[in-house]
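# Notes for the structure review
Next come the chains, spelled out residue by residue.
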Amino acid sequence: MAKIIGGVATTHVPSIGKAIAEQKQNDPYWKPFFKGFDYVHYWLAREKPDVAVVFYNDHGLNFFLDKLPTFAVGAAAEYKNEDEGWGIPVSRSIAGDPALSWHIINNLVADEFDITMCQDMLVDHSVTIPMALMWPGEKWTVRIVPISINTVQHPLPSMKRCLNLGRSVGRAVNSYPQDLRVMIVGTGGLSHQLDGKRAGFINKEFDQLCMDKLAGEPDFLTRYSIHDVVEESGAQGVEFLNWMAMRGALTGRVTEVHRNYHIPISNTAAATMVFENRDEAARRAA
Amino acid sequence: MKQDIPGTTLFDGDQAQKGLALNRMCFSFNSAENRAAFLADEEGYCRKFGLTAEQRAAVKSRNVLAMIAAGGNVYYLAKLAGIFGLNVQDIGAQQTGTTVDQFKQKLAAAGR
Ligand SMILES: [Fe+2]
């Protein structure tokens, strides 16, 4: 059976892609952020995931505002990245796992999540930058199942809906008959705002609260409406919805094993977290 | 009931309808060929995408707040800003009426 080993959540700011291309990882500006990945590399080397389910939001590469799904699940054998217009290098493509994708799709729809299914899907920096951060030199061997959440055009799905979407994905993965080690990724955030007279807004206290509650009390965070999240976390801080879905997919006993938080990277409060997920059987055996 | 958040325009259905032509033009800037075509003939390129007079004036003035008022979504506007070599600190400074250095200082201060 497939087993969910844990999750990684990370910021996906486009300028990280430029910093990687220019090898600025040890510059004073970038080091506090990139250092936060040492533990992630250790954890991935130890845990050896086969597949990553990645919750992210498209910023206008695969989807335009004319036809914008609230939730979309990739079912491709390969995911390409392309020019996004803001000057970050194009990533190498990432292998998919269509059989697992369709298993997740079938289970989500049976569970009344009426998602969009995508046999062709470009993935933007919010997938490729976390991949490049987790596996420097684009040396990933995992396959991915990308799941996009609309965080761009309101109305957005609620915090509760995204947590429950994740839970449904988690149940689907747990029922997959193949022996696979599956990790869950949530990308984006934390607090930031790019637009308007409030551009540059960052809220350390709210970010800290979100990170503190995520492992043990994710349901606490569902009290915040989308309007509240925009107010507390900034207009683009709503990318935290991807983190909520990631957390939902960790269906066992969840512990936070790593956290790095640094202000600022670009206009953003940058955060990286690692969670372990232990199922009940493993807990009894331990 | 919708309460306003100061200095923030929620990109909702009203904004999405208003901004469709402008955002569609910015979406086209994913292609290097289209970015070059815009630079070669800005007026003609904007006409081809059917920008409203308000959107055309906002683009012409390079004023991000005016583009947002005309329905622009910041992820799409960032593709336009990229053509002029402007990043999100540059447009942050422009929108908040500060220098880029002051804007960066404000970001750094949020971490202390
Ligand atoms: Fe983003």
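Before any of the text, the structure's been laid out above.
Residues numbered from 1 in each chain as written. Chains lettered and ligands numbered in written order. Predicted model: local features only at pLDDT ≥ 70, side-chain atom pairs only at ≥ 80, totals over all residues. Heavy atoms only, no water.

## Looking at unusual backbone geometry
Most peptide bonds take the trans configuration, and most residues that are not glycine carry a negative phi. All names here are of chain A. So the rule is basically this: Only DSSP runs of H or I reaching four residues or more are called helices, and only runs of E reaching two or more are called strands; each is numbered from the N terminus.
In the segment running from His-154 into Pro-155, the intervening peptide bond is cis, with an omega of 10°. Residue position: Pro-155 is located in the loop between strand S7 (143–149) and helix H6 (159–174). Following Gly-189, the chain continues to Leu-190 via a peptide bond in cis, the omega torsion being -10°. As for its placement among the helices and strands, Leu-190 is situated in the loop between strand S8 (181–187) and helix H7 (204–214).

## A short note on the coordination of the iron ion
Residue and element names in this part refer to chain A. Rules: Donor atoms are limited to N, O and S found within 2.8 Å of the metal ion, a distance that becomes 3.2 Å for Na, K and Ca. With water left out, some sites might look partial. For every residue, the accessible area obtained with a 1.4 Å probe (protein chains only) is divided by the maximum for its type, and the residue is called buried under 20%, exposed over 50%, and partly exposed between those limits.
Bound to the iron ion are the protein donor atoms His-12 (NE2), His-59 (NE2) and Glu-239 (OE), situated 2.0 to 2.2 Å from the metal. For the iron ion, the donor residues sit on a single chain with the sequence spacing H-x46-H-x179-E. In this pair, His-12 is assigned in the loop between strand S1 (3–10) and helix H1 (15–21) and Glu-239 in the loop between helix H8 (226–233) and helix H9 (240–249), connecting sequence segments 227 residues apart. Since its relative accessible area comes to 2%, Glu-239 is described here as buried.

## Some words on the interface of chain A and chain B
Quick reminder of the rule: Any two residues whose heavy atoms approach within 4.5 Å are treated as being in contact. Reported buried area values correspond to the accessible surface (1.4 Å probe) lost by two parts on association, with both partners' losses combined. Here a salt bridge means any side-chain nitrogen of Lys or Arg lying within 4 Å of a carboxyl oxygen belonging to Asp or Glu.
On the side of chain B, 40 residues touch chain A, which itself brings 35 residues to the contact. Across the interface of chain A and chain B, roughly 3,300 Å² is buried in total on both sides, 61% from carbon and sulfur atoms. Among the residues chain A hides against chain B, the three largest losses belong to Phe64(A), Leu194(A) and His227(A). Together they make up 18% of the total. Joining chain A to chain B, the criterion identifies 1 salt bridge. Across the pair Arg35(B) and Asp83(A) runs a salt bridge, and its minimum N-O distance is 2.9 Å.

## A word on the packing of aromatic side chains
Keep this limit in mind: Each aromatic pair joins two rings of Phe, Tyr and Trp (for Trp, the six-membered one) with centres within 6.5 Å, and gets the label stacked for planes under 30 degrees apart, edge-to-face for over 60, and tilted for any other angle. Two thresholds decide whether a charge sits over a ring: the Lys NZ or Arg CZ must be within 6 Å of the ring centre and within 35 degrees of the ring normal.
With the rule as written, the count across this model stands at 17 aromatic pairs over all chains. Where Tyr45(B) meets Phe49(B), the ring centres are 5.1 Å apart and the plane angle is 35°; that geometry is what we call tilted. The class of Tyr45(B) is buried, set by a relative accessible area of 4%. An aromatic cluster is built from Tyr29(A), Trp30(A), Phe33(A), Phe34(A) and Phe37(A), whose rings are joined through pairwise contacts. The cationic tip of Lys79(B) hangs over the ring face of Tyr76(B); the distance from NZ or CZ to the ring centre is 5.9 Å.

## A look at the environment of Pro177(A)
All names here are of chain A. One can find Pro-177 in the loop between H6 and S8. Look at Pro-177 and you get exposed, because its relative accessible area is 59%. Between the alpha carbons of Pro-177 and Ile-104 there is a distance of 12 Å; along the sequence they are 73 residues apart.

## Structural notes on the side chain of Asn57(A)
Turning to its location among the elements, Asn57(A) is positioned in the loop between strand S2 (51–56) and strand S3 (71–74). Under the relative-accessibility criterion, Asn57(A) is labelled buried at 0%. In contact with Asn57(A), not counting residues within four places along its chain, are His12(A), Asp124(A), Ser126(A), Ile149(A), Thr151(A), Glu239(A), Asn242(A) and Tyr75(B).

## A short note on the pairing of S8(A)
Residue and element names in this part refer to chain A. Quick note on the threshold: Here a strand pair is declared whenever DSSP counts at least two bridges between the two strands.
With 6 of 7 residues buried, S8 is to be regarded as a mostly interior element. Two elements, S1 and S8, share 7 bridges in a ladder whose sense is parallel. In the sheet register, Gly-6 faces S8, and the bridge partner there is Met-183. Summarising the sheet, S2 and S8 pair through 5 bridges and their orientation is parallel. Bridge pairing in S8 places Val-51 opposite Val-182.

## Considering the pattern of salt bridges
Residues and elements named next belong to chain A. Within the structure shown, the criterion is met by 17 salt bridges over all chains. Of the charged contacts, one joins Arg-46 and Glu-47 as a salt bridge, the two residues approaching to 2.9 Å between their closest N and O atoms. Accessibility expressed as a relative area gives 38% for Arg-46, which makes it partly exposed. Judged by its relative accessible area of 13%, Glu-47 is buried. Across the salt bridge formed by Asp-97 and Arg-143, the nearest N and O atoms sit 3.1 Å from each other. Of this pair, Asp-97 sits in the loop between strand S5 (94–95) and helix H4 (98–110) while Arg-143 is found in strand S7, placing the two residues 46 residues apart along the sequence. By relative accessible area, Arg-143 is classed as partly exposed at 26%. A cluster of three or more residues bridged by salt bridges with shared partners is formed by Arg-46, Glu-47, Arg-181 and Glu-276.

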